Amino acid sequence: MMRLTSEMSGVDLGEGGAAPGGKETMPRFTLRQLEVLESVGRVGTISGAAQELHSSPSAVAGSLTELERAVGVQLTVRRRSHGVTLTAAGRRFARGAAALLHEANGLELAASSAGDHALTGEIIIGCYVTLAPSVLPPLLQGLERKHPGIRPRFIVGDQNQLQTAALRGEIDVALLYDMGLHEDMDSQLVVQRSVYAMFAEGRAPQSRDGDPAETIRMADVAERDHVLLDVPPSREHTLEVFASAGVRPRTRFRTNDVELIRSLVARDMGYALLAQRFKHNVSNEGYPLETREIHPHTPPIAVHIAWPKDVRPQPAAQALIDLTLNELRSTLS
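All values reported here derive from a predicted model rather than from experimental measurement.

Parameters at a glance
- Residues numbered from 1 in each chain as written.
- Predicted model: local features only at pLDDT ≥ 70, side-chain atom pairs only at ≥ 80, totals over all residues.
- Heavy atoms only, no water.
- Phe/Tyr/Trp six-rings, centres within 6.5 Å; stacked < 30°, edge-to-face > 60°.
- Helix = DSSP H or I, 4+ residues; strand = E, 2+ residues; numbered from the N terminus.
- Buried < 20%, exposed > 50% of the residue type's maximum accessible area, 1.4 Å probe, protein only.
- Expected span 1.5 Å × (residues − 1).
- Bend = angle between axes of the 7 residues up to and from the residue.
- Contact = heavy atoms within 4.5 Å.
- Pairing = 2+ DSSP bridges.
- Axes fitted to C-alpha atoms, helices over the stretch in contact; angles between N-to-C directions.

### Regarding the packing of aromatic side chains
Using the criterion set out here, one finds three aromatic pairs in the structure. With a centroid separation of 5.7 Å and 80° between ring planes, the pair formed by Phe-29 and Phe-93 is classed as edge-to-face. Note that Phe-29 is positioned in the loop between helix 1 (2-9) and helix 2 (31-43) and Phe-93 in helix 5 (residues 88-113), a separation of 64 residues in sequence. Each member of the pair, Phe-29 together with Phe-93, is buried. Consider the rings of Tyr-128 and Tyr-177, whose centres lie 5.3 Å apart with planes at 75°: the pair is edge-to-face. One end of the pair, Tyr-128, is in strand 3 (residues 121-128); the other, Tyr-177, is in strand 5 (residues 173-177), and 49 residues separate them in sequence. Side by side, Tyr-128 and Tyr-177 carry an identical accessibility label, which is buried.

### Some remarks on helix 10 (residues 315-332)
With 18 residues, helix 10 should cover 26 Å at 1.5 Å per step; its first-to-last C-alpha distance of 24 Å lies within 8% of that length. For helix 10, the principal kink sits at Thr-324 and spans about 40°. Buried within helix 10 we find Ala-316, Ala-317, Ala-319, Leu-320, Ile-321, Leu-323, Thr-324, Leu-325, Leu-328 and Leu-332. On its buried face, helix 10 is in contact with strand 3, helix 6 (132-146), strand 4 (150-157), strand 5, strand 6 (185-193) and strand 13 (301-308).

### Focus on the sheet that holds strand 12 (residues 289-294)
Within a sheet, neighbouring strands are paired by backbone hydrogen bonds and run either parallel or antiparallel to one another. Reading across from one edge, 8-12-7-11 is the order of the four strands in this open sheet, with mixed pairing throughout. At either margin of the open sheet sits one strand with a lone partner, and together these are strand 8 (215-216) and strand 11 (272-274). Of the pairings in the sheet, the one linking strand 7 (residues 196-200) to strand 12 comprises five bridges and is antiparallel in character. Looking across to strand 12, one finds that Tyr-196 is bridged to Glu-293. The strands touched by helix 9 (residues 258-266) are strand 7, strand 11 and strand 12; relative to strand 7, the strand with the most contacts, the crossing angle is about 50°.

Listed below in C-alpha cells is the structure:
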C-alpha cells in the first residue's frame, strides 16, 4: 500500500521509503497528515482546511510541517496574504495521498461490513448534468433497496468538472459520456445513444423521398435557428455532427439548461440536437414537441460509469457499479 503511494506521488520518501538493499520500511507520515495536505491543496488556505477538518489552523500548519520533514521535500508554499499553494512535488504527492486515503476508507468499510456482509458507509456519485434526471433517481432508489446501509451523495456537473473531481478523490464514481474521457480514468459502458433533432410540433421538415420515415437530413435545417446545449462534451459533439454533414449552424441561443432548450424549441424559437431521451414530448410549459432521427445516422455516443485507474473502487462504490451495469443499463436501454 505505502509503496504504491510512493510510486504515484513521484516523491522520494527518503528514509521513510525503502531501506538499503530494497527492503521496505514504514513511511514516517500518517494518514491524518495526508488528509491535511489533500485538504489544504484543494481549499488553498490553512484556515479553510482547518474548518473543513474540524481542527485548528496551528494544528493544520504543524501537520504540514511534520509531513514535509518526514518526506524531506517541500510540498507547499505558504504566504500570509496569498494562502497556500502546492509545489510541483506537492501536487504529485497530493494525488497519491488522495488515492491512499480512498483505499484506506475502502479498507475500513470492508472491515466494518465483514461480519454481516451488509455494506455501509458513504459514497459520492458524480453525474453529467443532462443525464441526472433520468439516471440518478432510479440508481439512488435501487441502492436504497439493495444496500440500505450505504449513504449516497451526488454531484451534478459537466464532463470536465466530474473528471477533475474524480481524479482529486472528491467523488467515487462518475456517470458521463465517453467523449474526452481522461486517460487516467477507467470505465465500463452502460448504454449507447444516438443524437436526434427536436422541433416544435408541426415544424419538423418532411422526410425526403427514399429516406426512412420520421427522419431528417442536416441540410434541411441549415437555414433555421438553432439552440445549442452549451455544456462539454455535448457542445463539441453537436458541432461535430454539423461539421460532418457540411452544415454551419445558425445558433441563436446557447444554454446549459436542457429544460430551457426544450421550452425554447417548443415555442418555435429554434430546433435542437440532443442525445438525452425524454419520456414525454412536452415542454415544462405544456407545449408539444416532436422529434426526428437524423439520416444518415450519426455515430452513437456512449454513457459510461468511470473512476480513477489508480484507485480500486471501495466496496460501496463497487456495489454501485454493479447496480448500474445490472439494473440501470436495462432501464436506460
